[in-house]
Amino acid sequence: MSFQILLFIMGALSHAGYLPFSYVHFQARLAESVIAVLLTIGLASTFTQKTWKYKLTTATQVLSLFATLVGVVMISIGVGPQTNFDYGLHAVMIILFLVALKMLVQPNRIALR
């Protein structure tokens, strides 16, 4: 999950114009910043002993995946960045969400040990 957070921070920095391969786009920067915060909350919940940490972590992954898919739809209809970097970054993000969710729904929940 920490790698996911870093990817979204990198995406937000890219859309803010701070990286060499940047495409400045306010809405994309805002969305990726919100997703990074959401994933940080999910990551922080894994360090608690609370019984709801599994539900919260899964919820943050699902909501973040949904928001990322909204971003992909926006890209595909021509709203926002149309760079190869952005296409590749979103593909990696979606793959990581699917892997994380697969780990979270396994009966032994290896992701939260």
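Look above for the structure.
Calculation notes
- Residues numbered from 1 in each chain as written.
- Predicted model: local features only at pLDDT ≥ 70, side-chain atom pairs only at ≥ 80, totals over all residues.
- Heavy atoms only, no water.
- Helix = DSSP H or I, 4+ residues; strand = E, 2+ residues; numbered from the N terminus.
- Rg over C-alpha atoms; globule rule 2.2 N^0.38 Å.
- Buried < 20%, exposed > 50% of the residue type's maximum accessible area, 1.4 Å probe, protein only.
- Contact = heavy atoms within 4.5 Å.
- Areas by Shrake-Rupley, 256 points an atom, 1.4 Å probe, with all protein chains shown as cover.
- Expected span 1.5 Å × (residues − 1).
- Core = buried A, V, L, I, M, F, W, Y, C linked by side-chain atoms within 4.5 Å.
- Patch = residues over 30% accessible without salt bridge, like charges linked within 9 Å, V, L, I, M, F, W, Y side chains within 5 Å.
- Salt bridge = Lys/Arg side-chain N within 4 Å of Asp/Glu carboxyl O.

> What exactly am I supposed to notice about the overall build of the protein chain here?
Helix and strand content of the protein chain: 4 helices and 0 strands. In terms of C-alpha radius of gyration, the protein chain reaches 15 Å, essentially the compact-globule figure of 13 Å for 113 residues. Across its three principal directions, the C-alpha atoms of the protein chain cover 40 × 20 × 20 Å. Counting every position in the protein chain, which comprises 113 residues, the buried fraction comes to 35%. Counting only contacts in the protein chain whose residues sit at least 6 apart along the sequence, the fraction spanning at least 24 positions is 62%. Total accessible area on the protein chain stands at roughly 6700 Å², and carbon and sulfur atoms take up 73% of it.

> Whenever I open this one, the environment of Q4 confuses me. Can you help?
Of note, Q4 is situated in helix α1 (residues 2-16). You can call Q4 buried: its relative accessible area is 5%. In this structure the C-alpha to C-alpha distance between Q4 and I35, which are 31 residues apart in sequence, comes to 9.5 Å. Beyond its immediate stretch of four places on either side in the chain, Q4 contacts L39, Q61, L96, F97 and A100.

> Hey, could you run me through α1 in this one?
Owing to its 3.6 residues per turn, the α-helix brings residues three or four apart onto one side. Taking 1.5 Å as the rise per residue, α1 with 15 residues should run 21 Å; its terminal C-alpha atoms sit 21 Å apart, in good agreement. Q4, I5, L7, F8, G11, A12, S14, H15 and A16 are the residues of α1 that are buried. Those residues of α1 that are buried lie in contact with α2 (26-45), α3 (53-76) and α4 (84-105). After α1 finishes, the residue G17 shows a positive phi value of roughly 95°.

> Teacher, can you tell me more about the environment of V62 here?
Secondary-structure assignment places V62 in helix α3. Spatially, the C-alpha atom of V62 lies 9.8 Å from that of A100, the residues being 38 residues apart in sequence.

> Would you take a moment to explain the nonpolar core for this structure?
Across soluble globular proteins, nonpolar side chains show a tendency to be buried alongside one another. Judged by nonpolar contacts, the single largest core of 14 residues is most densely connected at F8, L39, L65, M93 and F97. Elements supplying a minimum of two residues to this core: α1, α2, α3 and α4. When residues in this core are grouped by element, the largest group, 6 residues, is from α4.

> Sorry if this is basic, but what is going on with a nonpolar patch on the surface here?
Side chains of F3, L6, I9, L13, Y18 and V92 sit close together on the surface and give an oily, nonpolar patch of about 610 Å² of accessible area. Examining the composition of the nonpolar patch, we find that 4 residues originate from one element, α1, more than from any other. Here Y18 is to be found in the loop between α1 and α2.

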